Amino acid sequence: MASDLFTIGSSGVKAARTALEITSQNIANAATDGYIRRSVRLSEMAGPGSWLRVSDLSLSGVRVDGIGRNADLFRQVEVRRTGGDAARASTELRGFENIEAALEQSALFPALTGFEASLQRLSSDPVNPSLRAAVLEDARTLSRTFNLAASALNTAGEGQRFEASDGVNQINLLAGELGRVNLQLTRTTTGTSDQVTLLDQRDLLLERLSGFGDVAVSYAPDQTVEVRMGGGPTPLVSGGNAAPLAMSANADGTLAFTLGGNPITLSSGKLAGHAQTLTALRDNRATLDGIADSLIAAANTAQASGVALDGTPGQPLFTGSGAAGIAVALAAGSGIATAPAGAAAGSRDPANLSALRDALQTAGISGQVDGLLFTASSAVAGRRVTSEALDAIASSARIALDEQAGVDLDQEAANLVRFQQAFQASGKALQVASDIFDTLLALK
């Protein structure tokens with residue numbers, strides 16, 4: 001009997017000590033990123049008994065079956081999915097805010113209205129050199145604002161491509177690390193502390209990967225994972241191998257991605273947000289270029305229909321093409337063709353100037369600029385609503401996982417007391433066994 005008490009008490013001491021160690025580990029890592037709360041799996045030890053044993057069983061105490069992780073696979077998948085969508089929306093929002101800022105801070109609309117106002121003032125006195133000089137200066141200001149807006153959009157695009165390139169590098173680093181974790185998992189024993197630590201690392205790497213692009217994960221019996229990204233045929237991670245993700249910029253500034261040499265399309269994560277922002281940048285730049293070309297065509301056509309102050313045929317007011325290339329061609333205000341063709345030098349007839357103003361009105365230059373700015377602002381507002389909604393969904397998924405997998409310090413403190421009492425009680429059982437054994441020896 002004393003021998004059995006020794007065995008039972010000793011096993012209880014060992015189990016309680018292990019539970020105390022795991023509880024202490026939980027408390028110490030309560031704020032550690034990616035740490036999953038752990039618990040000890042215990043089972044009764046019992047073996048075949050002998051004659052006159054109760055129920056023919058030999059009670060042998062308790063044993064530690066392993067260390068468990070309190071994480072639910074479905075909740076982890078939801079955190080990765082919703083987190084990836086939120087990361088895409090957040091990146092897209094910041095990118096669209098940059099587009100809006102690039103267009104608004106260039107002061108394109110005020111410059112255009114200023115140019116139109118100077119044309120109106122000139123119509124009151126077409127031969128006034130000061131008014132002519134003002135028109136030319138406002139035309140230069142307008143062309144420079146187009147240049148500035150185009151440059152700002154290009155700068156925003158460069159920033160997006162730089163961040164996307166960094167994201168690709170991060171994915172390749174994370175994929176390589178995940179491959180190494182896979183290899184280590186194949187060499188560990190199920191339920192050991194080493195395996196549990198590796199599983200925490202595995203899941204943290206998967207979550208970080210999902211922040212850059214959509215991932216699909218499959219699990220092997222040995223807890224290794226195969227990861228696919230963007231629906232491509234080549235796995236990003238398979239066993240200890242990681243396929244390289246690469247990015248290239250198209251001629252229009254948009255992005256293309258390949259995984260292991262095969263094209264992929266990303267639908268979530270930061271890289272998808274960068275890709276969609278650059279697509280929007282391309283479209284806004286094309287619209288801006290179209291407005292600049294419309295302005296050039298309307299103004300130069302009107303100029304060609306009239307004569308300058310000295311009676312010579314009107315020359316182009318603007319040169320170049322697109323928002324980045326537009327510039328003022330005339331060297332002096334006297335070159336503005338305010339009078340109709342055939343008019344004498346110094347004519348005060350503003351017919352061709354009226355034709356220029358009508359051409360700008362017909363082309364709808366002001367309306368196009370206003371529409372471009374309104375579209376950019378509306379896109380930001382819409383994506384802000386989307387980003388906030390997806391952030392809320394991702395936060396809910398995170399809270400649901402943390403409720404299960406996170407460390408509750410109050411609960412762990414209670415566990416410390418419980419396991420400490422179990423440790424002390426098992427020690428008491430050992431002391432009783434020792435006393436009984438000493439008594440038996442004294443009887444002999």
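Residues numbered from 1 in each chain as written. Predicted model: local features only at pLDDT ≥ 70, side-chain atom pairs only at ≥ 80, totals over all residues. Heavy atoms only, no water.

### Considerations on the pairing of strand β8 (residues 255-259)
Every other side chain in a regular strand lies on the same face of the sheet, so the side chains alternate between the two faces. Only one face of β8 is buried, namely the one carrying Leu255, Phe257 and Leu259, since none of Ala256 and Thr258 on the opposite face is buried. Pairing of strand β7 (residues 245-249) with β8, which is carried by five bridges, proceeds in the antiparallel orientation. Opposite Ser248, over in β8, you have Ala256 as the bridge partner. Connecting the antiparallel pair β7 and β8 is a turn made up of five residues, with Gly253 showing a positive phi of about 90°. As defined by bridge partners, β8 adjoins strand β9 (residues 262-264) across three bridges and the pair is classed as antiparallel. Within β9, the position partnered with Thr258 by the bridge is Pro263. Connecting the antiparallel pair β8 and β9 is a turn made up of two residues, with Gly260 showing a positive phi of about 65°. (Buried < 20%, exposed > 50% of the residue type's maximum accessible area, 1.4 Å probe, protein only. Helix = DSSP H or I, 4+ residues; strand = E, 2+ residues; numbered from the N terminus. Pairing = 2+ DSSP bridges.)

### Comments concerning the side chain of Glu100
Inspection of the secondary structure assignment puts Glu100 in helix α2 (residues 73-105). When near neighbours in sequence (up to four residues on either side) are disregarded, Glu100 contacts Ala376, Ser377 and Val380. (Contact = heavy atoms within 4.5 Å.)

### Side note on the sheet that holds strand β5 (residues 237-238)
As summarised here, the arrangement of the four strands in space is β3-β4-β5-β6, forming an open sheet in which the pairing is antiparallel. The sheet is open, and its two edges are formed by β3 (215-219) and β6 (241-242), each paired on a single side.

### Digging into helix α5 (residues 193-210)
The first and last C-alpha atoms of α5 sit 26 Å apart over 18 residues, in line with the 26 Å expected at 1.5 Å per residue. For α5, every residue scored as buried is listed here: Gln195, Val196, Leu198, Leu199, Asp200, Arg202, Asp203, Leu204, Leu205, Leu206, Leu209 and Ser210. (Expected span 1.5 Å × (residues − 1).)

Scope: geometric values only; no functional claims are made or implied.
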